[in-house]
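Residues per chain are reported as follows:
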Amino acid sequence: MLRARDTMDRDYAKPLDVAALARVAHVSVPHFGRTFRATFGETPHRYLQRRRVERAMFLLRSGDRSVTEICLEVGFTSLGTFSRTFRDIVGESPTAYRRRGPLAGVPTCFAMAWMRPRG
């Protein structure tokens, strides 16, 4: 399970499917889904979405690229899905989140940990 999670953390922007992640973990697809959820408390799909949103949160407040560019950069293929997922996880739209202004001048690892969504 750790190998699959590490793959999602590293390759979050690439198209990843459950079958490929199950192969990385050396288990069957049904076993992978059940075990991943039991181990990490969320489905593999939700974990991957959350990782993508975390990266988008950083990009939205640290640069001036459009929301659409950031959506595609972090691995979403639809702006609508990205916006809905972002709102579900963060509690506000990507544009509203960006309005909070730039990130404080702290190391990226601290900023990412502080901004990590809890949901």
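Refer to the structure presented above.
Okay, so let's go over this structure. Nothing here was measured: the structure is a model prediction, and the numbers come from that model.

1. Points about the environment of aspartate 64
Item 1. Structurally, aspartate 64 can be placed in the loop between helix H4 (44–62) and helix H5 (67–73).
Item 2. Separated by 38 residues in the primary sequence, aspartate 64 and proline 102 place their C-alpha atoms 9.9 Å from one another.

2. Things to note about the packing of helix H1 (residues 2–10) against helix H3 (residues 29–40)
How two helices pack is summed up by the angle between their axes together with the distance between the axes.
Item 1. Contact pair H1 / H3: the axes reach a minimum separation of 11 Å and the direction vectors enclose 80°. Comparing the axis directions of H1 and H3 gives the class roughly perpendicular. Here H1 contributes Leu2, Ala4, Arg5 and Met8 to the contact with H3, which in turn contributes Phe32, Phe36 and Phe40.
Item 2. Taken together, the residues that form the contact of H1 with H3 break down as six nonpolar, no polar and one charged.

3. A look at helix H2 (residues 18–25)
Since the α-helix advances by 3.6 residues per turn, residues separated by three or four positions end up pointing in the same direction.
Item 1. For H2, every residue scored as buried is listed here: Leu21, Ala22 and Ala25. The buried residues of H2 occupy an angular sector of 105° when projected down its axis, which confines them to one face.
Item 2. Just downstream of H2 lies histidine 26, where phi reads positive at about 60°.

4. Concerning the pattern of salt bridges
Item 1. Evaluation of the coordinates by the stated rule reveals eight salt bridges.
Item 2. Aspartate 11 is the salt-bridge partner of lysine 14, the closest N and O atoms lying 3.7 Å from each other.
Item 3. Looking at lysine 14, the relative accessible area reads 48%, which means it is partly exposed.
Item 4. With relative accessibility at 17%, the residue aspartate 11 sits in the buried group.
Item 5. Linked by salt bridges that have partners in common, Asp9, Glu42, Arg50, Arg51 and Glu54 make up one network.

5. Describing the side chain of glutamine 49
Item 1. Take glutamine 49: it is sitting in helix H4.
Item 2. Judged by relative accessible area, glutamine 49 falls into the buried class, the value being 10%.
Item 3. Excluding anything up to four places from it in sequence, glutamine 49 contacts Phe76, Thr85 and Ile89.

6. Quick look at the packing of aromatic side chains
Item 1. By the definition in use, this model includes six aromatic pairs.
Item 2. With a centroid separation of 5.8 Å and an interplanar angle of 70°, the aromatic rings of phenylalanine 36 and tyrosine 47 are classed as edge-to-face. You can see phenylalanine 36 sitting in helix H3 and its partner tyrosine 47 sitting in helix H4, a full eleven residues away along the chain. The residues phenylalanine 36 and tyrosine 47 share a single accessibility class, namely buried.
Item 3. Measuring from centroid to centroid gives 5.7 Å for phenylalanine 82 and phenylalanine 86, while their planes differ by 55°, and the two rings are tilted. In this pair, phenylalanine 82 and phenylalanine 86 both sit in helix H6 (residues 79–90), four residues apart, roughly one turn of the helix. For the residue pair phenylalanine 82 and phenylalanine 86, the accessibility class agrees, reading buried in each case.

Calculation notes
- Residues numbered from 1 in each chain as written.
- Predicted model: local features only at pLDDT ≥ 70, side-chain atom pairs only at ≥ 80, totals over all residues.
- Heavy atoms only, no water.
- Helix = DSSP H or I, 4+ residues; strand = E, 2+ residues; numbered from the N terminus.
- Axes fitted to C-alpha atoms, helices over the stretch in contact; angles between N-to-C directions.
- Parallel < 35°, antiparallel > 145°, perpendicular 65-115°, else oblique.
- Contact = heavy atoms within 4.5 Å.
- Nonpolar A, V, L, I, M, F, W, Y, C, P; charged D, E, K, R; others polar.
- Buried < 20%, exposed > 50% of the residue type's maximum accessible area, 1.4 Å probe, protein only.
- Arc of directions from axis to C-beta.
- Salt bridge = Lys/Arg side-chain N within 4 Å of Asp/Glu carboxyl O.
- Phe/Tyr/Trp six-rings, centres within 6.5 Å; stacked < 30°, edge-to-face > 60°.

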